Number of protein chains: 2
Amino acid sequence: MWIHPDEHKVVGEVLADFRKQRGLRQQDLAGLLGKPQSFVSSYEAGQRRIDILELLRIASALGTAPNEIFTEIIHRASH
Amino acid sequence: MWIHPDEHKVVGEVLADFRKQRGLRQQDLAGLLGKPQSFVSSYEAGQRRIDILELLRIASALGTAPNEIFTEIIHRASH
DNA sequence: TACAGAATATCGGAATTTTCGATATTGGAT
DNA sequence: ATCCAATATCGAAAATTCCGATATTCTGTA
């Protein structure tokens, strides 16, 4: 148990949506990141934090600019 | 001991430079963040990771857009 | 240079988080 | 209802974080 203040759930949801938009499975993305599927599952559920470098790598794997992800997080967190 | 792959040092250096540009001491920024000075010292030295939400808060406290920080990190990390 | 005070860095060890494979659960299609 | 893909959860060892107290480094000034 523990972690996710609600805002971390928002982060996970945004990252999950970006992944799904690309038609990737957690396992696919995990492979690109060199991590197990449970890693992706965990952060998408807001159970694990993503640090700056991880975000850069995830954004890169998803073929998006980090700022796109940030913009969406801020947008959703403000509701 | 441990953490900082070199890239985490870059993250810390960038954040330190942004802080200094604003004429803030670690203690000042720490106060804005509700954390001890050792927190700022630690991540600026690349000894502690900064997660996405923390970056948003730090950027906000420094009066800059998160993307400015990212851009600089990517720029420096690519050298 | 020598000093004072400000600024930053380091320590220690308890608490929290992360790790990853194995397993369980859920979801979608037929 | 069954099959299989996709995602979620577990556990317990390893790694990281936490923060105040203290040490060190830095800066200006006599």
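Overview of the structure. Nothing here was measured: the structure is a model prediction, and the numbers come from that model. (Residues numbered from 1 in each chain as written. Chains lettered and ligands numbered in written order. Predicted model: local features only at pLDDT ≥ 70, side-chain atom pairs only at ≥ 80, totals over all residues. Heavy atoms only, no water.)

**Some points on the layout of surface pockets**
Any empty space left between the atoms is revealed when a probe the size of a water molecule rolls over them.
Then, in step 1: The volume enclosed by the largest pocket comes to roughly 150 Å³.
Then, in step 2: Of all the secondary structure elements, the ones that give two or more residues to the lining of the largest pocket are helix H5 (66-77) of chain A together with helix H4 (52-61) of chain B.
Then, in step 3: Per-class residue counts for the lining of the largest pocket are 7 nonpolar, 2 polar and 2 charged. (1 Å grid on protein atoms, 1.4 Å probe; cavity = no way out; pocket = protein on both sides within 12 Å on 5 of 7 lines; lining within 4 Å. Points joined across faces, edges and corners; volume = space filled by probe spheres on them. Helix = DSSP H or I, 4+ residues; strand = E, 2+ residues; numbered from the N terminus. Nonpolar A, V, L, I, M, F, W, Y, C, P; charged D, E, K, R; others polar.)

**Comments concerning the relation of the copies chain A and chain B**
Then, in step 1: It takes a turn of 180 degrees to lay chain A on chain B, together with a shift of 0.0 Å along the axis; the resulting RMSD is 0.0 Å. Viewed as a symmetry operation, the transformation between the two copies matches a two-fold axis. For chain A, the smallest separation between a C-alpha atom and the rotation axis is recorded for A:Asp51, amounting to 1.9 Å. (Least-squares fit on C-alpha atoms with pLDDT ≥ 70 in both.)

**Observations concerning the packing of aromatic side chains**
Aromatic rings considered in pairs are described by the distance between their centres and by the relative angle of their planes.
Residue and element names in this part refer to chain B.
Then, in step 1: On inspection of all chains with the given rule, the structure shows 3 aromatic pairs over all chains.
Then, in step 2: Ring centres 5.4 Å apart and planes at 75 degrees place the aromatic pair Phe-39 and Tyr-43 in the edge-to-face group. Note that Phe-39 and Tyr-43 are positioned in helix H3 (residues 37-44) at a spacing of 4 residues, about one turn of the helix. In this pair, the class of Phe-39 matches that of Tyr-43, namely buried.
Then, in step 3: Looking at Lys-35, its charged tip hangs above the ring of Phe-39, at a distance of 5.1 Å from the centre. (Phe/Tyr/Trp six-rings, centres within 6.5 Å; stacked < 30°, edge-to-face > 60°. Buried < 20%, exposed > 50% of the residue type's maximum accessible area, 1.4 Å probe, protein only. Lys NZ or Arg CZ within 6 Å of the ring centre and 35° of its normal.)

**Regarding the interface of chain A and chain B**
Then, in step 1: The partner chain B presents 16 residues to the 16 residues of chain A that form the contact.
Then, in step 2: Contact with chain B buries surface across chain A, with A:Ile52, A:Leu53 and A:Phe70 losing the most and accounting together for 39% of the total.
Then, in step 3: Counting across the interface, chain A meets chain B through 4 salt bridges.
Then, in step 4: Among the salt bridges present, the one from B:Arg57 reaches A:Glu7, with a minimum N-O distance of 2.7 Å.
Then, in step 5: At the surface where chain A touches chain B, the tally comes to 6 residue pairs in polar contact (both at pLDDT 80 or more).
Then, in step 6: Of all the elements in the fold, those that place two or more residues in the side of chain A that touches chain B are helix H1 (6-21), helix H4 (52-61) and H5 of chain A.
Then, in step 7: In the side of chain A that touches chain B, the residues fall into 10 nonpolar, 2 polar and 4 charged. (Contact = heavy atoms within 4.5 Å. Buried area = accessible area lost by both parts, 1.4 Å probe. Salt bridge = Lys/Arg side-chain N within 4 Å of Asp/Glu carboxyl O. Polar contact = N/O pair within 3.5 Å; in protein donor to acceptor, adjacent residues only side chain to side chain.)

**Describing the environment of B:Val10**
Then, in step 1: Here B:Val10 is to be found in helix H1 (residues 6-21).
Then, in step 2: Residues in contact with B:Val10, not counting those within four places in the same chain, are B:Ile73, B:Arg76 and B:Ala77.

Note that every value here comes from positions in space, so none of it alone points to a role or purpose.
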